[in-house]
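# Structure at a glance
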Amino acid sequence: MNSNVTQPIERRADSSTESEEAAPTVLLVEDETITRTSMAARLRRLGHRVLEAENGLVALDVARRERPDLYIVDWMMPEMDGPTFCETVRRDPLLKSSQLLLMTAHDQPAQIAEGLARGADDFLSKSASKQEIVARVLAGLRTSRLVRELETTGNELESSLLLLQKKQAETEADLQSAAAFVRSLLPPQGSLVQGIALAWEYQPSLMLGGDLFGVMAIDADYLGLYILDASGHGVAAALRSASLMTFLRAENMLRLLGSYDPEKVLHEANRCFPLSAEGEYFTLWVGQLHMPTRCLSYASAGHSGALVSSAQSSSRWLTRSSSPLGFDPSAQFACERIDLQPGDRLFLLSDGIYEVPSPNGELWGRERFQDVIDRGKRTSLSATIAACFSQARSWQQTQYFQDDAAIVGLELTGDPKGSSNG
Amino acid sequence: MQINERIVPQGTILDVVGDLTYANRGAFKAAVEKAKNAGCRHLIVNLEKVRFVDSAGLGLLVLISQNLKLIQAQLSVLKPQLYVREIMSLANIPKMIPIYESEEAVLTARAA
């Protein structure tokens, strides 16, 4: 500690309470003792806390320790002159926003320009009047206070941002975990049962999707299948979908209804999942395939997404007008039947795969989707599904879908088990 | 999405321009609520300039229809484009919400 540094603190009689604002601190850097002492006394009379240093090097030590509100720095000093001190302060991460008042006996324009260029905020002539000194010191302190407030606000914003980023990372981790769970509920791809192959592709618009599907053995003869679409997007839709997915599990339907009859399943779902107060609802397509006879019975609650593709003819939609779940408590969901043949493919799909707009707003549409299905008869099931996604992406010219996009494909590859029954 | 409100002798017409989707549901709900609060007894949603209605938009129309019926008021839909009409038909919407081809038709039907 340099003995020439003094830290007199003048406390007013009424300044002992912690709540009262502390007097601003001014660091006076001046090698001439008389000038320094005189100026310090004048500043103290104005109510400021004054620190004194005899040159720039000493002043830097004081500044780093005390963080003064304002510096009054003489131009000409030994060891480190005023402009060099200003440059050093501006390079110091801790001190760079300090308010620097450069004091000089000469106030030539060139000198003022040099001082400003090297980091000073303002000038004070050694011959300045008392009024000018007071005015410049108060202006410097006012700027210093504003800079400090900005720094505090900036620090608070940075802290808030870090906190927000941390929370966001936690939320994303939770969502990823939930998405992995939902995905684990989807049926495994490949040979589902003897004579039936399953392939699917699923691209939720967000991390968690509201369009889900299931394919499951009900018993030795029946296969249950469904695809559901929750209105809306996001976590809320995904949670509602997971709830309906649980409801549609084979064991639950067998317990409640004694079968996976599509008409009964939809009737029960319509009863249990009414239109929400926010207008949220599901569309649902349910099918039941009798494997020995390849007879598919199906019914729909407002869901448009089932298509049969056969080797011998053009594909056709298994769709009719019907109320989505919850729209009408008395709605009936008529069951229809179709006999499938070996080689036939059944596709369940969400509307998000074909309701994709081109950059000019034109939708890809069901017809173009159907065309890809028809042209894919000679390619593998998974390749046909991949082609649908590829062409939908190409149409919208982006990889990501605005809505959940899902295609589930079943292919009757040969004689099903127990075909002798049929 | 833009929504312009017009008062006609037998109700309020909301002229909607843009897509009626999940993303725009807030603006649509606000416009409907404003008309309801003004005492509208027949709300007519003009979909002539709506190219696309998604599942959330459909749900909103049904919910609004149900809520208006509770206060003895009515929702009608005017001039949906072909694709929107198909979507609405698939979900049986015409059985719940009357669909009209002209303002005259909707006003005449209401008067009758």
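What counts and what doesn't
Residues numbered from 1 in each chain as written. Chains lettered and ligands numbered in written order. Predicted model: local features only at pLDDT ≥ 70, side-chain atom pairs only at ≥ 80, totals over all residues. Helix = DSSP H or I, 4+ residues; strand = E, 2+ residues; numbered from the N terminus. Rg over C-alpha atoms; globule rule 2.2 N^0.38 Å. Buried ≥ 20, exposed ≤ 12 C-beta atoms within 10 Å, placed from the backbone. Contact = placed C-beta atoms within 7 Å. Expected span 1.5 Å × (residues − 1). Axes fitted to C-alpha atoms, helices over the stretch in contact; angles between N-to-C directions. Left-handed = near helix turned anticlockwise from the far one by under 90°. Pairing = 2+ DSSP bridges. pLDDT = per-residue confidence, 0-100. Right-handed = clockwise from strand over helix to strand, strands pointing away. Arc of directions from axis to C-beta. Parallel < 35°, antiparallel > 145°, perpendicular 65-115°, else oblique. Nonpolar A, V, L, I, M, F, W, Y, C, P; charged D, E, K, R; others polar.

With that settled, the discussion passes to the overall build of chain A. Looking only at helices and strands, chain A has 10 helices and 16 strands in total. The C-alpha atoms of chain A give a radius of gyration of 39 Å, which is well past the 22 Å a tight globule of 422 residues would have. The C-alpha extent of chain A, read off along each of the three principal axes, is 115 × 45 × 35 Å. The buried share of chain A, taken over its 422 residues, is 39%.

The number of helices and strands found in chain B is five helices and five strands. Shown N-terminal to C-terminal, the secondary structure of chain B runs as helices and strands in the order β-β-α-β-α-β-α-α-β-α. Taking 2.2 N^0.38 as the reference for a compact globule, 112 residues should give roughly 13 Å; the C-alpha atoms of chain B span a radius of gyration of 13 Å, in line with that estimate. Overall, chain B is about 30 × 25 × 25 Å in size when its C-alpha atoms are taken along their principal axes. Sequence separation of at least 24 residues holds for 71% of the intrachain contacts in chain B that already meet a minimum separation of 6.

Okay, helix α2 (residues 55-70) of chain B next. Residues and elements named next belong to chain B. Its 16 residues give α2 an end-to-end C-alpha distance of 23 Å, which sits within 8% of 22 Å, the value for a rise of 1.5 Å per residue. Summarising burial for α2: 12 of the 16 residues are buried, a large majority. Those residues of α2 that sit buried are S55, A56, G57, L58, G59, L60, L61, V62, L63, I64, S65 and L68.

Glancing now at unusual backbone geometry. The phi torsion at E79 of chain A lies on the positive side, around 70°, for a residue other than glycine. Among the secondary structure elements, E79 of chain A is positioned in the loop between β3 (70-74) and α3 (82-91).

Right, let's talk about the packing of helix α9 (residues 365-375) of chain A against helix α10 (residues 381-396) of chain A for a bit. Residue and element names in this part refer to chain A. The contact between α9 and α10 brings their axes to 9 Å, and the two run at 145°. For the pair α9 and α10, the sense of crossing is right-handed. Touching F369, V372 and I373 of α9 are T384, A387, C388 and Q391, all from α10.

Residues and elements named next belong to chain A. Inspection of the secondary structure puts I72 in strand β3. I72 gets classed as buried once you count the C-beta atoms within 10 Å, which come to 27. Sequence separation between I72 and M103 is 31 residues, and the spatial gap between their C-alpha atoms is 6.5 Å.

Residues and elements named next belong to chain A. Spatial strand order, β8-β9-β10-β11-β14: five strands in an open sheet with antiparallel pairing. Unpaired on one side and paired on the other, β8 (211-217) and β14 (336-339) mark the two borders of the sheet. Across this sheet, the average inter-strand angle for adjacent strands is 15°, counted without regard to direction. Two elements, strand β10 (residues 282-290) and strand β11 (residues 295-301), share seven bridges in a ladder whose sense is antiparallel. Counted as the bridge partner of Q288 is S297 from β11.

Let us look at the confidence of the model for chain B. Detailed reading of the predicted coordinates is not advisable wherever pLDDT is low. When the pLDDT values of chain B are averaged, the result is 91; 97% of them are 70 or greater. Across the predicted assembly, pTM comes out at 0.70 and ipTM at 0.82.

What follows concerns the pairing of strand β4 (residues 74-78) of chain B. Residue and element names in this part refer to chain B. Most of β4 is tucked away, with four of its five residues classed as buried. In this fold, the crossover linking strand β3 (residues 42-49) to β4 by way of α2 has right-handed handedness. Direction of pairing for β4 relative to strand β5 (residues 99-100): parallel, over a ladder of two bridges. The residue bridging V77 from the neighbouring strand is I99, located in β5.

Bringing the sheet that holds β3 of chain A into the picture now. Residue and element names in this part refer to chain A. The strand order across the open sheet built from five strands is β2-β1-β3-β4-β5, with neighbouring strands paired in parallel fashion. Taken across any chain shown, the strands that pair with only one partner, and hence form the sheet edges, are β2 (49-53) and β5 (122-125). In this sheet, neighbouring strand axes are inclined to one another by 25° on average, regardless of whether the strands run parallel or antiparallel. The sheet contact formed by strand β4 (residues 100-104) and β5 spans four bridges and is parallel. Following the sheet pairing, L102 is matched in β5 by F123. Its contacts with the sheet put helix α2 (residues 56-66) on β1 (25-29) and β2, and the angle it makes with β1 is roughly 165°.

All names here are of chain A. In this model, chain A carries a mean pLDDT of 88, and residues with pLDDT of at least 70 account for 93%. Scored below 50 in pLDDT, residues 1-19 makes 15 contacts in the model with residues more than four places away or belonging to other chains. Low pLDDT (under 50) marks residues 418-422, which in the prediction has seven contacts with non-local residues, meaning those over four places away or in another chain.

Attention shifts here to α2 of chain A. Residue and element names in this part refer to chain A. Listed as buried for α2 are G56, V58, A59, V62 and A63. Seen from one end, α2 has its buried residues packed into an arc of 150°, which puts them on one side. For α2, the exposed residues set more than 90 degrees away from the buried face come down to R64 and R65. Where α2 is buried, its residues contact β1, β2 and α3. Once α2 finishes, R67 follows within two positions and takes phi at roughly 45°, a positive value.

Residues and elements named next belong to chain A. Contact geometry of helix α7 (residues 250-257) with helix α8 (residues 262-272) gives a least axis separation of 11 Å together with a crossing angle of 90°. Relative to α8, the element α7 lies roughly perpendicular. In contact with M253, L256 and L257 of α7, α8 contributes K264, V265 and E268. A class-by-class count of the residues in the contact of α7 with α8 yields four nonpolar, no polar and two charged.

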